[in-house]
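Below, each chain spelled out in residue letters.
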Amino acid sequence: MKKTENQMLVIFGASGDLTARKLIPALFNLHLAKQLPKGFVALGVSRSDMTDEAFRDRVVYDSDYLKDKLKKLDKAEIKEFADKLFYEDLGESYDTDYKGLRKRVEELKAAHDTSGNIIYYLSTPPTLYETVAHKLADAGMNTQKNGWKRLIVEKPFGYSLETAKKLNEGLHQYFTEPQIYRIDHYLGKETVQNLLVTRFANSIFEPLWNRNYIQRVEITNAERVGVEKRGGYYDKSGALRDMFQNHLLQIVSLVVMEPPIGAEAEEIRNEKVKALKSLRIMEDEETLYQNTIRAQYVGSVVNGEPMKGYREEEGVDPNSTTETYAAIKFFVDNWRWHGVPFYVRTAKRMPTKVTEVVIHFKEPHHQIFKEPGMHNKDNKLIIRIQPDEGILIKFGVKVPGQGFTVERANMDFYYSSLAETYVMEAYERLLLDAMQGDATLYARADEVEAAWEFVDPILNYWQKGKDVRMYGYAAGVWGPENADELFEGDGFWRNPGENLADDPGYCVIC
Ligand code: BG6
């Protein structure tokens, strides 16, 4: 096991939702698993006036996100964790002198033996990332003379290629690239990491992982929920920025990449960048028209319950043209993937929550069984990212009896069968990695820029293109009526059920 050195975690934006919902529960789990070093404290920083005690009440004792867990634990154990949490009020603005903050950090360091190692976690609005980095540097808090300093940056990382580049340049003035950890919580998911293992720790998949055997690749990310209370943020973002540019292109890069030389962070990240750079950028309007679909959910009734349309959601412009559904078809310009179409979609208010990768294999080169409908019995490898995490292979078997009637059978593996293994939550895993200086599961500057390079023309087209349409779909269905048109008669979306082995079309919608 890697060693975790004594250190301090300074969380900017500590009064925000992410801190209470994800970061503190992740730290708590690390504490319970005895993964935090002996000398460790977390210092929450934001513009709210709060004492250490009030902060502990908010994120631990009175937290909705921890209440079930707290019921099962004894008071001393909870207190031991809560006592590691502190709070510092920055006053009116993040753009201020950090002298006071520096003094507090020094005091905590001396009192709790955290050494000079510090992670700064930026969970503020993105417009403040550079300001915070700048002010830390002004206060001499970025120097590594007395212990390492790391900066974790939350998504969204930029709003476009240009803004992402500017942000990278801005941060690089104060922190070097190896000090910057750009978080993408999908990379913290075990099943996403398992894509690497499935491909590169087996000899049965990789020989088939190319244009000779793969007909198409399909990735679906569906959420049952709408925009919830995040209408204000989401309306300026949309599905393409919120999910596709980051989480889904990360999954794409793991499917597309070449085998790295080794498992070191830079080896893997080099291959991912190459993969993202090989996505064929769609430039002309005709291509963008043919290969992209955007849509928005409209009000409906699901199981007797009325569902609001997107434009009726709190914080959303009633005339909004922000997409809640994005489906993109694209090609990868390299030797391995030449001619293989990729279909990737993400949406809110779908019938179920599911993320999966489907590899559709080509039909056998010569069909000896002439039964009609054989093409519906193609081989598929389905990698279920969530829920019901697992892997399913669909293949043909003979139906007992005379002749050669072929039926499709399932061969499956479920993560839940590894019962005694503790599966870390994404944020838990990613925080621990950053604490140990392992950047494998964090995005590098060039990786983020390569992803924006692909996404930018689509966003521009959707904003300014002349034949762009915004389709509607009733909340609770699998997207707009014309969703399958992307396939141009060569297939259709696999609409997965809640369980990995459910056949398409089946799902629970309540
Ligand atoms: C976030 C998006 O990054 O990912 C949300 O901002 C989305 O809109 C969420 O709901 C989905 O994450 P998960 O882990 O629930 O699939």
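Scroll up to find the structure this text is about.
Residues numbered from 1 in each chain as written. Predicted model: local features only at pLDDT ≥ 70, side-chain atom pairs only at ≥ 80, totals over all residues. Heavy atoms only, no water.

1. Topic: a negative patch on the surface
In step 1: On the surface, Glu 283, Asp 284, Glu 286 and Asp 467 cluster together into a negatively charged patch.
In step 2: Along the polypeptide, Asp 284 turns up in the loop between helix H10 (265–277) and helix H11 (285–291). (Patch = residues over 30% accessible without salt bridge, like charges linked within 9 Å, V, L, I, M, F, W, Y side chains within 5 Å. Areas by Shrake-Rupley, 256 points an atom, 1.4 Å probe, with all protein chains shown as cover. Salt bridge = Lys/Arg side-chain N within 4 Å of Asp/Glu carboxyl O. Lys, Arg positive; Asp, Glu negative; His and termini not counted. Charge placed at Lys NZ, Arg CZ, Asp CG, Glu CD. Helix = DSSP H or I, 4+ residues; strand = E, 2+ residues; numbered from the N terminus.)

2. Overview of the site of the ligand
In step 1: Inspection of the region around the ligand gives Lys 155, His 185, Tyr 186, Lys 189, Glu 223, Arg 230, Asp 242, Met 243, His 247, Lys 348, Lys 353 and Gln 386 as its neighbouring residues.
In step 2: Measuring from an oxygen atom of the ligand, one finds a side-chain N or O atom of His 185 at 2.8 Å.
In step 3: At 2.5 Å from an oxygen atom of the ligand is found a side-chain nitrogen or oxygen belonging to Glu 223.
In step 4: Surface burial for the ligand is 80%, taken as the share of its 400 Å² of free accessible area covered by protein chains.
In step 5: The leading source of residues in the shell around the ligand is helix H9 (residues 231–256), at three residues.
In step 6: Here the residues of the shell around the ligand sort into two nonpolar, three polar and seven charged. (Near = heavy atom within 4 Å. Polar contact = N/O pair within 3.5 Å; in protein donor to acceptor, adjacent residues only side chain to side chain. Nonpolar A, V, L, I, M, F, W, Y, C, P; charged D, E, K, R; others polar.)

3. Some points on the side chain of Thr 322
In step 1: With respect to the element layout, Thr 322 can be found in the loop between strand E10 (305–307) and strand E11 (325–330).
In step 2: Of note is the side chain of Thr 322, whose polar atom sits 2.6 Å from the backbone oxygen of Asp 235.
In step 3: Residues contacting Thr 322, with those up to four places away along its chain left out, are Tyr 234, Asp 235, Ser 237, Gly 238, Gln 296, Tyr 310 and Met 470. (Contact = heavy atoms within 4.5 Å.)

4. Focus: the pattern of salt bridges
In step 1: Here the structure, examined in full by the defined rule, presents 34 salt bridges.
In step 2: Residue Asp 83 is joined to Arg 56 by a salt bridge in which the shortest nitrogen-to-oxygen separation is 3.8 Å. Pair noted here: Asp 83 is in the loop between helix H4 (75–82) and strand E3 (85–89) and Arg 56 is in helix H2 (residues 52–61), with a separation of 27 residues, a long-range link.
In step 3: Given the relative accessible area of 11%, Arg 56 is considered buried.
In step 4: A salt bridge links Glu 356 to Arg 384; the shortest N-O distance between them is 3.4 Å. One end of the pair, Glu 356, is in strand E13 (residues 354–361); the other, Arg 384, is in strand E14 (residues 380–386), with 28 residues separating them in the sequence. Neither residue differs from the other here; Glu 356 and Arg 384 are each classed as buried.
In step 5: Shared partners join several salt bridges into a network, and the residues in it are Glu 53, Arg 56, Lys 79 and Asp 83. (Buried < 20%, exposed > 50% of the residue type's maximum accessible area, 1.4 Å probe, protein only.)

5. Comments concerning the nonpolar core
Soluble globular proteins tend to pack their nonpolar side chains together in the buried interior.
In step 1: Among the nonpolar cores identified, the biggest contains 151 residues, and Phe 12 and Phe 330 are the most heavily contacted of them.
In step 2: The greatest single-element share of this core, amounting to 12 residues, is contributed by H9.
In step 3: If we skip the residues at most four places from it in the chain, Phe 12 touches Val 45, Leu 90, Tyr 94, Tyr 98, Leu 101, Tyr 120, Tyr 121, Leu 122, Ser 123, Thr 124, Val 132 and Leu 136. (Core = buried A, V, L, I, M, F, W, Y, C linked by side-chain atoms within 4.5 Å.)

6. Some thoughts on the environment of Ala 42
In step 1: For Ala 42, the location among the structural elements is in strand E2 (residues 40–46).
In step 2: With relative accessibility at 3%, the residue Ala 42 sits in the buried group.
In step 3: Sequence separation between Ala 42 and Asp 62 is 20 residues, and the spatial gap between their C-alpha atoms is 18 Å.
In step 4: The residues touching Ala 42, leaving out its near neighbours within four places in the chain, are Leu 9, Leu 27, Lys 84, Leu 85 and Phe 86.

7. Focus on the sheet that holds strand E4 (residues 118–122)
In step 1: Pairing is parallel in the open sheet, where six strands are placed in the order E3-E2-E1-E4-E5-E6. Strands with a single pairing partner mark the edges of an open sheet, and in this sheet they are E3 and strand E6 (180–182). For this sheet the average axis-to-axis angle between neighbouring strands, irrespective of direction, equals 20°.
In step 2: With five bridges connecting them, E4 and strand E5 (residues 149–153) associate as parallel partners. (Pairing = 2+ DSSP bridges. Axes fitted to C-alpha atoms, helices over the stretch in contact; angles between N-to-C directions.)

8. Section: the packing of H9 against helix H13 (residues 445–464)
In step 1: Contact pair H9 / H13: the axes reach a minimum separation of 10 Å and the direction vectors enclose 140°. Here H13 runs oblique to H9, going by the angle between their axes. The handedness of the crossing between H9 and H13 is right-handed. In contact with Leu 240, Arg 241, Phe 244, Gln 245, Leu 249 and Gln 250 of H9, H13 contributes Glu 447, Val 448, Ala 451, Trp 452, Phe 454, Val 455, Ile 458, Leu 459 and Trp 462.
In step 2: Broken down by class, the residue content of the contact of H9 with H13 amounts to 11 nonpolar, two polar and two charged. (Parallel < 35°, antiparallel > 145°, perpendicular 65-115°, else oblique. Left-handed = near helix turned anticlockwise from the far one by under 90°.)

9. A short note on the packing of aromatic side chains
In step 1: With the rule as written, the count across this model stands at 20 aromatic pairs.
In step 2: With centroids separated by 6.5 Å and ring planes inclined at 50°, the aromatic side chains of Phe 12 and Tyr 94 adopt a geometry described as tilted. Separated by 82 residues along the polypeptide, Phe 12 in strand E1 (residues 7–12) and Tyr 94 in the loop between E3 and helix H5 (99–112) bring together distant segments of the chain.
In step 3: A relative accessible area of 0% means that Phe 12 is categorised as buried.
In step 4: Taking the relative accessible area as the measure of exposure, Tyr 94 reaches 4% and is therefore buried.
In step 5: Aromatic side chains Phe 12 and Tyr 98 sit 6.0 Å apart centroid to centroid with 20° between the ring planes, which places their arrangement in the stacked category. Placement of Phe 12 in strand E1 and of Tyr 98 in the loop between E3 and H5 is noted, with a sequence separation of 86 residues between them. Comparing Phe 12 with Tyr 98, the two get one shared label, buried.
In step 6: Members of the aromatic cluster, connected to one another through ring pairs, are Phe 12, Tyr 94, Tyr 98, Tyr 120 and Phe 175. (Phe/Tyr/Trp six-rings, centres within 6.5 Å; stacked < 30°, edge-to-face > 60°.)

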